[in-house]
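What follows is the residue order along each chain.
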Amino acid sequence: FALKYLNIPHEVVFACEWMKPQMESYLLNHGEPTSNFYEDIRDLDGTKYKDEVFYLHESPPCQSYSLAGSRGGAADERGGLMYEAIKKIDEIQPKMFSVENVRGLLSANDGEDWKNILRDFKSLKGYTISWGIMNAKEQDTPQNRERVFIVGFRGKAPQMSFPKRVSLTRVLRDALEDEVDEKYFLSDKQIENFITSEFNQEK
């Protein structure tokens, strides 16, 4: 969507998504690619696309790193897919890449997971690696959503310059629709479970 909004001509080489609803959403929004769509990143042979991709973006599952999740970290099957993402970068050799995950990635397993993950990113041959934390509310989006971004450029490149923080001029009401289908509202039981959950009690 960012490339479309910026009117940058591009072609999607392949896409990958495990969750069925998200997969359907992607195909409905973009309509491509239908022939090169992978449900499991582990089934993707990145060497098939070596040197054919200019920009690769990956968002490995965040549940095992999220503060609201199990905090299983890299030992969790989903958390381990971060290493699979690094492997695909090495196989595909894009000219640039970005990887996004929750801020909890930095503190999972007392920071040991992040130390190992960053080490592996920096071990990618031929890439200049930068990383930083961005928050949606600092880009004029009314949502407090922090994310870690790891960015790599193949070959020599200057230190990545992340977008400057801007003052928030909108509130959540500005982004919400006036008429919303009831199916999008939480039920009384869901609200009760959220309020009484162990995680929220600790807060």
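Before any of the text, the structure's been laid out above.
Residues numbered from 1 in each chain as written. Predicted model: local features only at pLDDT ≥ 70, side-chain atom pairs only at ≥ 80, totals over all residues. Heavy atoms only, no water.

**Student:** What am I meant to see in the pairing of strand β4 (residues 96-102) here?
**Tutor:** Along any regular strand the residues' side chains alternate between the sheet's two faces. Of all seven residues in β4, six are buried, a share of seventy percent or more. With four bridges joining them, strand β3 (residues 55-58) and β4 adopt parallel strand pairing. Bridge pairing links tyrosine 55 to methionine 96 in β4. Note: β4 against strand β6 (residues 146-154), seven bridges, orientation antiparallel. (Buried < 20%, exposed > 50% of the residue type's maximum accessible area, 1.4 Å probe, protein only. Helix = DSSP H or I, 4+ residues; strand = E, 2+ residues; numbered from the N terminus. Pairing = 2+ DSSP bridges.)

**Student:** Would you explain unusual backbone geometry in this entry?
**Tutor:** Negative phi characterises most residues that are not glycine, and trans characterises most peptide bonds. The phi torsion at aspartate 110 lies on the positive side, around 55°, for a residue other than glycine. Tracing the backbone through its elements, the reader meets aspartate 110 in the loop between β4 and α4 (112-122). Given the relative accessible area of 76%, aspartate 110 is considered exposed. Located in the positive-phi region is aspartate 140, a residue other than glycine, with phi close to 65°. You can see aspartate 140 is positioned in the loop between β5 (127-135) and β6.

**Student:** Explain the packing of aromatic side chains to me, please; I cannot follow it from the model alone.
**Tutor:** Across all of its chains, the model carries eight aromatic pairs by this definition. When the ring of tryptophan 114 is compared with that of tryptophan 131, the centres are 4.9 Å apart and the planes differ by 70°; the resulting orientation is edge-to-face. On the criterion of sequence distance, the pair formed by tryptophan 114 in helix α4 and tryptophan 131 in strand β5 is long-range, its members being 17 residues apart. A relative accessible area of 9% means that tryptophan 114 is categorised as buried. What links up through ring pairs into an aromatic cluster is the set Phe14, Tyr38 and Tyr49. (Phe/Tyr/Trp six-rings, centres within 6.5 Å; stacked < 30°, edge-to-face > 60°.)

**Student:** Looking at this structure, I do not really get a nonpolar patch on the surface. What am I missing?
**Tutor:** Judged by side-chain polarity, Phe1, Leu3, Tyr5, Leu6 and Ile8 come together as a nonpolar surface patch covering roughly 540 Å² of accessible area. When you line up the elements, phenylalanine 1 lands in the segment before α1 (2-5). Classification of phenylalanine 1 by relative accessible area gives partly exposed; the value is 45%. (Patch = residues over 30% accessible without salt bridge, like charges linked within 9 Å, V, L, I, M, F, W, Y side chains within 5 Å. Areas by Shrake-Rupley, 256 points an atom, 1.4 Å probe, with all protein chains shown as cover. Salt bridge = Lys/Arg side-chain N within 4 Å of Asp/Glu carboxyl O.)

**Student:** What is the right way to read helix α3 (residues 81-92) from this model?
**Tutor:** Each full turn of the α-helix corresponds to 3.6 residues, which orients residues three or four apart in the same direction. Its 12 residues give α3 an end-to-end C-alpha distance of 16 Å, which sits within 8% of 16 Å, the value for a rise of 1.5 Å per residue. The buried fraction of α3 amounts to nine of the 12 residues, a majority that puts the element mostly inside the structure. Along α3, the residues that are buried comprise Leu81, Met82, Glu84, Ala85, Ile86, Lys88, Ile89, Glu91 and Ile92. Phi for glutamine 93, located one or two positions after α3, is positive at around 55°. (Expected span 1.5 Å × (residues − 1).)

**Student:** I tried to follow the packing of α3 against α4 on my own but got confused; where do I start?
**Tutor:** Contact geometry of α3 with α4 gives a least axis separation of 10 Å together with a crossing angle of 5°. One element, α3, and the other, α4, form an angle in the roughly parallel class. Residues Met82, Tyr83, Ile86 and Ile89 of α3 pack against Asp113, Asn116, Ile117, Asp120 and Phe121 of α4. Split into classes, the residues belonging to the contact of α3 with α4 amount to six nonpolar, one polar and two charged. (Axes fitted to C-alpha atoms, helices over the stretch in contact; angles between N-to-C directions. Parallel < 35°, antiparallel > 145°, perpendicular 65-115°, else oblique. Contact = heavy atoms within 4.5 Å. Nonpolar A, V, L, I, M, F, W, Y, C, P; charged D, E, K, R; others polar.)

**Student:** Mind showing me how you'd approach the environment of arginine 154 here?
**Tutor:** As for its position among the elements, arginine 154 is in strand β6. The exposure class of arginine 154 is partly exposed, given its relative accessible area of 33%. Between the C-alpha atom of arginine 154 and that of phenylalanine 97, which follows or precedes it by 57 residues, the distance is 8.8 Å. Filtering out sequence-adjacent residues up to four positions away, arginine 154 remains in contact with Asp51, Gln93, Pro94, Lys95, Gly126 and Tyr127. At 3.1 Å, the side chain of arginine 154 forms a polar contact with the side chain of aspartate 51. (Polar contact = N/O pair within 3.5 Å; in protein donor to acceptor, adjacent residues only side chain to side chain.)

As far as function goes, none of this settles anything; it's purely spatial.
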